[in-house]
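Letter by letter, the chains look like this.
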Amino acid sequence: MQDRLTERYDPAAIEPAVQEHWERAGVFRVTEDPAREKFYCLCMFPYPSGRLHMGHVRNYTIGDVIARYQRMQGRNVMQPMGWDAFGLPAENAAIENNVPPAEWTRSNIDYMRGQLKRLGFAYDWDRELATCDPDYYRWEQWFFRRLYDKGLVYRATAVVNWDPVDQTVLANEQVIDGCGWRSGAPVERREIPQWFLRITAYADELLDELDRMDEWPEAVKTMQRNWIGRSEGLSIRFDLSDGSGQLEVFTTRPDTLLGATYMAVAPEHPLAIAAAAADPQLAAFLETCRHQSTSEAVIEKMDKLGMALPVTVRHPLTGDALPVWVANFVLMSYGTGAVMSVPGHDQRDWEFARKYGLPIRQVVAPADGSTIDLEAGAWPEYGVTVNSGRFDGLDFPAAFDAIAAELERDGRAERRVQYRLRDWLVSRQRYWGCPIPVLYDDAGNVVTEDDTRLPVRLPEEIAWEGVASPLRNMPEFTRATLPDGRTGRRETDTFDTFFESSWYFSRFCSANCDTGMVDERADYWMPVDIYIGGIEHAVLHLLYARFFHKAMRDAGLVKSDEPFTRLLTQGMVCKETYYRDVSGGRRQYFNPADVEVETDAKGRVTAARLTRDGQPVTIGAVEKMSKSKNNGVDPQALIDRYGADTVRLYTMFAAPPDQSLEWSDSAVEGAFRFLKSLWRLTSEHVAAGLPGSREGAALGDDLKALRRHIHETIAKVSDDISRRYKFNTAIAAVMELVNHLARTPAEDAVARGVRHEGLETVVLLLSPIVPHAAQVLWAALGHDGEVMDAAWPVVDEAALARDAIELVVQVNGRKRAVIAVPADADQAACEAAALAEANVKRFTAGTTVRKIIVVPGKLVNVVVAG
RNA sequence: GCCGGGAUGGCGGAACUGGUAGACGCGCCAGACUCAAAAUCUGGUAUCCGAAAGGAUGUGGGGGUUCGAUUCCCCCUCCCGGUACCA
């Protein structure tokens, strides 16, 4: 390590040298040490899409800052990294470039690993894993069998998007305006048998545990609670009028039962299908429904359409005949595929009833006696029952109980707890995933794979023809001998990639274990102390991972109830978009790197043109960096130009981690400028020789103020990093300190001593953020060893003492003056000083002082009247 | 549609528990250095009035609570994330 500073800050020279030194010394390799407090710091692992994007840089810098800070607190810190390597983009690359997914994925991993190393992240690379590696996925195949034996796995049919031209299943993302993204053909719904994990068996625990997860953001917990959607209600069976059977529905509002005026069933409901056989018009309607999206967002936004079925049901209380309709918004996969419709008290039912002339009845009224207008819309609030015969005049719980009791007595209903959460569909009809380890005998019966025959390897040498998974056409894969020696065939579906990402954090603890899924080392490291990743994972990934962890716990594999003690959700990285309208109403997007922006005298953006042709482009919205909007800024170009430390510093400085970040190239320049000036200040300081001890020397007012600032900054930055996770304000505080250090002359030994203390503090406080520069500066300031192993600075309470403080003086809440008072001034003294101030007198003259509010240490507010 | 989040100078953001709105940085303007440019340094920079002192206005819009509201409550607009096969 160098100990004399070059005059110029040259990241291209120092960063590779420092990284090489880390690598040689193996400083990030960790093992279990029961004597030390552990800290497991984890970022959501990346999908190896090709190159790092700014979202990755931001995510991993946040994690690295926290990991390095915890290390300086003396903890045994583990920070691993791996690859969420299965997924759809690899198949798209295979189709587009005719390169096998395995090859594409592994070369992406190699490139991106290099980029991560170039950024200087403190990872223990010995623990690296890729989920497409058979040594990884064999254990989830093994665990699938444990879940199967426990009854937590089952096979049932589910609806998929089917592309009739490409003869393949499409992801929701691949369906654009109801058509396949490649074929352009209208997509069909198709029901096929698929594998499910019984996550609903853990619904109550997943819900209840949220109350004890104090270190998760409230927003994420609320979203998970709503997603699980526990509700208590009544399951009611309506008799079909012709006596041919019953129609079962679930309702959370039995108090509105007397207001039910029709029933609605899903297009796939047996009643609808039966009726369509005799009615071509109905059959045509069901056919249009068959082309409907499977996505909730699309279904809920489309026109609500329906048709009457030639059947009625009997109301269980009144005996009235209620019509049964088929409606395109009722989901077969949710509940029983049928709902009772109460248009008076449900807005969607109201709109449907209005559209088709169905009756609307009021059966609940506001408890305060006010009236409602059912002509204007439904009234969905809780109130008191009306028009409900012998059930009139009851509030919600009383009406619920009375109606439930009567129906239960007759065996027509029972109270039930229902969840919005559905079981986890883990089958994917895709090639690039972990093979589901089951087989079928010649009669089609399910046969689970034997542990001894695992892993079921995904063939990687494949010829990709067309767009469908090649597995189905590979007899060498599908033809199999069953564990008992009979012939059969192998399942060609693969797991949802959320399966892999649901347990990788446990595997990191015992990454090289080849005798089990995890070993006892996981008991030392788990749970993860802080998990950092995008807010877009608030529900799906984080709920699946919580469930999987509990399932592993119940299989005796891990000990903790929850996998992630603390969660930090980062916002997205955004950038302005630039485009031109091209034919067909489409837009051609241009990358910001290829666009020049014009500004007016105030720096306001007025126009943008394409550098290539000098012609204008339209300035679009600021959106999440994405391929489709072509607004990604390549971090590599910035790293090459400014170095890793500048990129890290800028991403941490630009916004707090949980907010979205709008990328600005010029602000990166500012971060670079700051590092250059810190470098220069330090270099000038050490060039004059290191100062001796300042022990015992008295400080003047300026130096006292500087020392106070140094120690206030230590307190502020420590709190910002460890409690608030506000790295932007931590950096701002350090910048202020550096400005203060630079403008305070340091000519004599005492002043040079204070400056030395200040520079040491700055280097330590910044070292988690800019570790390369900090290492070199630390050495230059006269220290041996790693700055990351130096102790975090400690606040000197004595340095914080102040003689005088400033108080704001307000008159009627408006700031009129700032006064200085002794730090120990009492309330009366503050009031007197405030009232004596000339500008305060101006506003109090000729008025009566009603009261004076003194907020100690902050302000005095004089309330006057007249 | 539903669930969650957000909106503050020209821009990113700060104000942590209801107490000085705009810290820090970018940009811009002026000046210094320079033959010149770059780099660097110094000063200014919410808007309006004013030479200044100071004053008025101002945190997406409308209302409310309070001595005092970016912060708490109610209503609304727009933007973003998720919506179960993108990861």
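> What am I meant to see in the sheet that holds strand 36 (residues 848–855) here?
The strands that make up a sheet are held in pairs by hydrogen bonds between backbone atoms, and each pair lies either parallel or antiparallel. Ordered by their spatial adjacency, four strands build an open sheet running 35-34-37-36, and the pairing between neighbours is mixed. Whereas interior strands pair on both sides, the edge strands pair on one side only; in this sheet they are strand 35 (814–822) and strand 36. Taken pair by pair, the neighbouring strands of this sheet meet at an average axis angle of 20 degrees, ignoring direction.

> I keep staring at the pairing of strand 5 (residues 153–163) and nothing clicks. Help me out?
Side chains on a regular strand alternate between the two faces of the sheet. Pairing of strand 5 with strand 9 (residues 188–197), which is carried by 10 bridges, proceeds in the antiparallel orientation. Each bridged residue has a counterpart across the sheet, and for W162 the counterpart in strand 9 is E188. Where strand 5 lies against strand 6 (residues 168–170), three bridges are found, and the strand directions are antiparallel. Residue pairing in the sheet places W162 in a bridge with V169 of strand 6. Taken together, strand 5 and the strand that follows it, strand 6, pair antiparallel across an intervening segment of four residues, in which Q167 is found at a positive phi of about 55 degrees.

> Help me out: how do you make sense of the nonpolar core in this one?
Soluble, globular proteins show a tendency: their nonpolar side chains are buried together. Core analysis: the largest hydrophobic core is formed by 181 residues, its most contacted members being Y40, I66, Y504 and W663. Contact partners of Y40, with chain neighbours within four places excluded, come to M78, P80, F505, F508, C509, W525, M526, P527, V528, D529 and I530. Of all hydrophobic cores here, the second largest spans 40 residues; its members include L240, L317, F400 and L407.

> Explain unusual backbone geometry to me, please; I cannot follow it from the model alone.
For residues that are not glycine, phi is negative in most cases, and the peptide bond is trans in most cases. Between L454 and the following residue, P455, the backbone shows a cis peptide bond with an omega angle of 0 degrees. The step from M526 to P527 runs through a cis peptide bond, and the omega angle for that step is 0 degrees. On the secondary structure map, P527 appears in the loop between helix 15 (521–525) and strand 26 (528–534). Phi is positive for N98, which is not a glycine, with a value near 55 degrees. Along the chain, N98 falls in the loop between helix 3 (88–97) and helix 4 (101–118). Residue N98 is classed as exposed on the basis of its relative accessible area, which comes to 58%. Even without being glycine, Y725 reaches a positive phi, approximately 50 degrees. Tracing the sequence through the fold places Y725 in the loop between helix 20 (701–724) and helix 21 (727–743).

> It is not clear to me how the pairing of strand 34 (residues 804–811) should be interpreted in this structure. Could you clarify?
The pairing of strand 34 with strand 35 spans eight bridges and is classified as antiparallel. Note that in strand 35 the partner of Q810 across the bridge is K815. Linkage of strand 34 to strand 35, two consecutive antiparallel strands, is achieved through a turn of two residues, within which N812 is found at a positive phi near 50 degrees. Here strand 34 pairs with strand 37 (residues 859–865) via four bridges, running parallel. By the bridge assignment for strand 37, V809 is matched with V860.

> In this structure, what is going on with helix 5 (residues 134–149)? I would like to understand it.
Along an α-helix, residues three or four positions apart point the same way, because every turn accommodates 3.6 residues. Relative to the 22 Å expected for 16 residues at 1.5 Å per residue, helix 5 spans 23 Å between its end C-alpha atoms, a close match to the ideal helical length. Those residues of helix 5 not exposed but buried are P134, Y136, Y137, W139, E140, Q141, W142, F143, F144 and L147. In the segment just after helix 5, G151 is the residue with positive phi, at about 80 degrees.

> Where do I start with a positive patch on the surface in this structure?
Together, R8, R673, K676 and R680 give the surface a local cluster of positive charge. Assignment of secondary structure puts R673 in helix 19 (residues 665–687). Assessed through its relative accessible area of 53%, R673 is described here as exposed.

> Teacher, can you tell me more about the packing of helix 18 (residues 644–653) against helix 21 here?
Between two packed helices, both the angle of their axes relative to each other and the distance between the axes serve to describe the pair. Two numbers describe how helix 18 lies on helix 21: the axes approach to 7 Å, and their chain directions differ by 115 degrees. One element, helix 18, and the other, helix 21, form an angle in the roughly perpendicular class. Between helix 18 and helix 21, the contacting residues are L649, M652 and F653 on the first element and F727, N728, I731, A732 and M735 on the second.

> Just to check I follow, could you spell out the pattern of salt bridges for this structure?
Close approach of charged atoms lets side chains of opposite charge pair. With the rule as written, the count across this model stands at 62 salt bridges. For the salt bridge of K716 with D720, the shortest nitrogen-to-oxygen distance reads 3.2 Å. With K716 and D720 both in helix 20, this residue pair falls four residues apart, about one helical turn. Members of the salt-bridge network, linked through shared partners, are E205, E209, R212, R546, K550, R553, D554, D561 and E562.

> Looking at this model, I keep getting lost on the environment of Q347. Mind explaining?
Relative to the helices and strands, Q347 resides in helix 11 (residues 347–356). Each C-alpha atom of the pair Q347 and G377 lies 6.6 Å from the other, and the pair is 30 residues apart in sequence. Filtering out sequence-adjacent residues up to four positions away, Q347 remains in contact with G377 and A378. A distance of 2.9 Å separates the side chain of Q347 from the backbone nitrogen of A378, its partner in a polar contact.

> Help me out: how do you make sense of the sheet that holds strand 23 (residues 479–481) in this one?
Judged by pairing direction, the sheet is antiparallel, and its four strands sit side by side in the order 22-21-24-23 without closing on themselves. Two strands lie at the open edges of the sheet, namely strand 22 (446–448) and strand 23, each paired on one side alone. Neighbour to neighbour, the strand axes of the sheet diverge by 45 degrees on average, direction disregarded. Relative to strand 24 (residues 487–490), strand 23 runs antiparallel, the two being bridged by three bridges. Across the sheet, residue T481 finds its bridge partner in strand 24, namely T487.

> Sorry if this is basic, but what is going on with helix 6 (residues 203–210) here?
Buried within helix 6 are the following residues: A203, L206, L207, E209 and L210. The arc enclosing the buried residues of helix 6, seen along the axis, measures out at 170 degrees, which places them on a common side. Looking at the buried positions of helix 6, the neighbouring elements they touch are helix 7 (218–228) and helix 16 (540–554).

> For this particular structure, what's the right way to read the packing of aromatic side chains?
Each aromatic ring pair is specified by the distance between its two centres and by the angle formed by the two planes. In total, this model carries 39 aromatic pairs according to the counting rule given. Members of the aromatic cluster, connected to one another through ring pairs, are F143, F144, Y148, W195, Y202, W424, F495, F498, F499, Y544, F547 and F548. Above the plane of the ring of W125 lies K117, whose end atom (NZ or CZ) is 5.3 Å from the centre. The ring of F477 has R490 lying over it, and the distance from NZ or CZ to the ring centre is 5.9 Å.

> Sorry, what's going on with the side chain of Q141 here?
Counting through the fold element by element, Q141 comes out in helix 5. For Q141, a relative accessible area of 1% puts it in the buried group. In this view, Q141 contacts C434, P435, P437, L454, P455 and V456; residues no more than four positions away in its chain are not counted.

> How should I be thinking about the packing of helix 21 against helix 22 (residues 749–766) in this particular structure?
The contact between helix 21 and helix 22 brings their axes to 10 Å, and the two run at 160 degrees. By the angle between their axes, helix 21 is roughly antiparallel relative to helix 22. Judged by the sense of rotation from one axis to the other, the crossing of helix 21 with helix 22 is left-handed. Seen from helix 21, the contacting residues are V734, L737, V738, L741 and A742; seen from helix 22, they are R755, G758, L759, V762, L765 and L766.

Rules of the game
- Residues numbered from 1 in each chain as written.
- Chains lettered and ligands numbered in written order.
- Predicted model: local features only at pLDDT ≥ 70, side-chain atom pairs only at ≥ 80, totals over all residues.
- Heavy atoms only, no water.
- Pairing = 2+ DSSP bridges.
- Helix = DSSP H or I, 4+ residues; strand = E, 2+ residues; numbered from the N terminus.
- Axes fitted to C-alpha atoms, helices over the stretch in contact; angles between N-to-C directions.
- Core = buried A, V, L, I, M, F, W, Y, C linked by side-chain atoms within 4.5 Å.
- Buried < 20%, exposed > 50% of the residue type's maximum accessible area, 1.4 Å probe, protein only.
- Contact = heavy atoms within 4.5 Å.
- Expected span 1.5 Å × (residues − 1).
- Patch = residues over 30% accessible without salt bridge, like charges linked within 9 Å, V, L, I, M, F, W, Y side chains within 5 Å.
- Areas by Shrake-Rupley, 256 points an atom, 1.4 Å probe, with all protein chains shown as cover.
- Salt bridge = Lys/Arg side-chain N within 4 Å of Asp/Glu carboxyl O.
- Lys, Arg positive; Asp, Glu negative; His and termini not counted.
- Charge placed at Lys NZ, Arg CZ, Asp CG, Glu CD.
- Parallel < 35°, antiparallel > 145°, perpendicular 65-115°, else oblique.
- Polar contact = N/O pair within 3.5 Å; in protein donor to acceptor, adjacent residues only side chain to side chain.
- Arc of directions from axis to C-beta.
- Phe/Tyr/Trp six-rings, centres within 6.5 Å; stacked < 30°, edge-to-face > 60°.
- Lys NZ or Arg CZ within 6 Å of the ring centre and 35° of its normal.
- Left-handed = near helix turned anticlockwise from the far one by under 90°.

So yeah, pure geometry; function would need other evidence.
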